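Coordinate inspection notes
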Amino acid sequence: MQPLWDVAIEPVIRALAPRSIVEIGALSGGNTRKVLEACGEGAVIHAIDPAPRFDPKTLQDEFGDALVFHQGASLDVLPALPTFEAALIDGDHNWHTVYNELQAIEQKHPSAQDFPVLFLHDVCWPYGRRDLYYDVSRIPEPARQPFKKAGIRLWRSELDEDGGLNSHFDNACAEGGEKNGVLTALEDYVAGSLLDLQVTRIPAYFGLAIVAATERLRAQPHVAKAIEDLMSAGSLYNILERIEAVRCSGMEREHDLALKLKNAEAKLAAYEKDR
């Protein structure tokens with residue numbers, strides 16, 4: 001989600017000017033910092049992560065009471081939170097978790113006027129239509145897809161045991177079907193919601209969906225415009241430019257690793273020859 005922050009998320013956040021935000025999935029804390037910096041004095045960010053890869057105290061020392069960190073699973077934490085105006089959802093990428101996160105958010109905000117603006121990551125490949133289980137023990141057995149630790153290949157439903165993307169994670173064995181993936185969870189939730197919801201999808205960097213109640217957008221036309229502007233040629237150009245930068249950076253790392261591997265192989269060959 002972080003590469004999309006300033007080109008797709010921050011403009012809507014600034015228009016909304018929320019005083020309370022929830023972030024599900026803090027990971028290394030990079031996006032948490034961006035939210036804290038954008039929302040300014042008086043705003044409170046509730047960050048949720050069962051296994052953060054950073055020390056939340058470092059950000060709390062810097063931003064004070066603006067950050068409230070909850071180390072736990074989102075479905076355990078959400079019911080106990082106060083109401084909020086925006087949520088960034090980038091946690092466990094499976095149907096069960098995402099669908100129930102959305103349900104919990106609506107239960108806390110049953111009125112369309114109060115329903116927060118939601119930002120959901122990973123609504124495109126590879127997890128839009130395929131479950132990922134970071135910790136399968138948190139998923140009730142009936143809600144699990146058949147899964148195994150194997151990689152994902154573009155345009156292939158079945159997993160690849162010899163490589164592919166995220167081969168070290170528990171991935172659903174097949175792509176698609178009922179109750180499988182983040183986008184499926186979002187679609188199922190919207191179809192069953194009592195609220196009239198607008199969904200805007202940006203198919204870049206694994207996909208971002210922005211969800212807002214139509215009634216809120218009518219009451220806050222500046223927020224509706226900020227979301228609408230994301231589909232303009234200028235905004236889409238900025239998003240495309242950002243994704244190209246991410247792609248090029250990835251290529252740099254790939255070439256660096258290839259060079260290191262080549263040098264290591266040369267050293268090993270020289271060592272074997274000397275020996």
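What you see is a predicted model; the values in this text were computed from it and never measured.

**Quick look at the nonpolar core**
Ranked by size, the top nonpolar core spans 39 residues in total, and within it Val-12, Ile-13, Ile-21, Leu-88, Phe-119, Leu-208 and Ile-210 carry the most contacts. Breaking this core down by element, the ones donating at least two residues are helix H1 (5–16), helix H2 (30–39), strand E2 (44–48), strand E3 (67–70), strand E4 (86–89), strand E5 (117–121), strand E10 (208–213) and helix H8 (221–229). Sequence-distant contacts of Phe-119, defined by excluding residues within four places in its chain, comprise Met-1, Ile-9, Val-12, Ile-13, Ala-87, Leu-88, Ile-89, Leu-208, Ala-209 and Ile-210. Counting 31 residues, the second-largest nonpolar core is a separate cluster that includes Tyr-99, Ala-104, Val-182 and Ala-209.

**Focus on the sheet that holds E2**
Ordered by their spatial adjacency, seven strands build an open sheet running E3-E2-E1-E4-E5-E10-E9, and the pairing between neighbours is mixed. Among the strands making up the open sheet, the edge pair consists of E3 and strand E9 (197–202). Mean inter-strand twist for the sheet, computed between neighbouring axes without regard to direction, equals 15 degrees.

**A closer look at the sheet that holds strand E7 (residues 147–149)**
Taking strand neighbours across the sheet as the criterion, the three strands line up as E6-E8-E7 in an open arrangement whose pairing is antiparallel. A strand with exactly one partner marks an edge of an open sheet, and here the two such strands are strand E6 (132–133) and E7. Here E6 pairs with strand E8 (residues 170–172) via two bridges, running antiparallel. Across the sheet, residue Leu-132 finds its bridge partner in E8, namely Asn-171.

Conventions we followed
Residues numbered from 1 in each chain as written. Predicted model: local features only at pLDDT ≥ 70, side-chain atom pairs only at ≥ 80, totals over all residues. Heavy atoms only, no water. Core = buried A, V, L, I, M, F, W, Y, C linked by side-chain atoms within 4.5 Å. Buried < 20%, exposed > 50% of the residue type's maximum accessible area, 1.4 Å probe, protein only. Helix = DSSP H or I, 4+ residues; strand = E, 2+ residues; numbered from the N terminus. Contact = heavy atoms within 4.5 Å. Pairing = 2+ DSSP bridges. Axes fitted to C-alpha atoms, helices over the stretch in contact; angles between N-to-C directions.

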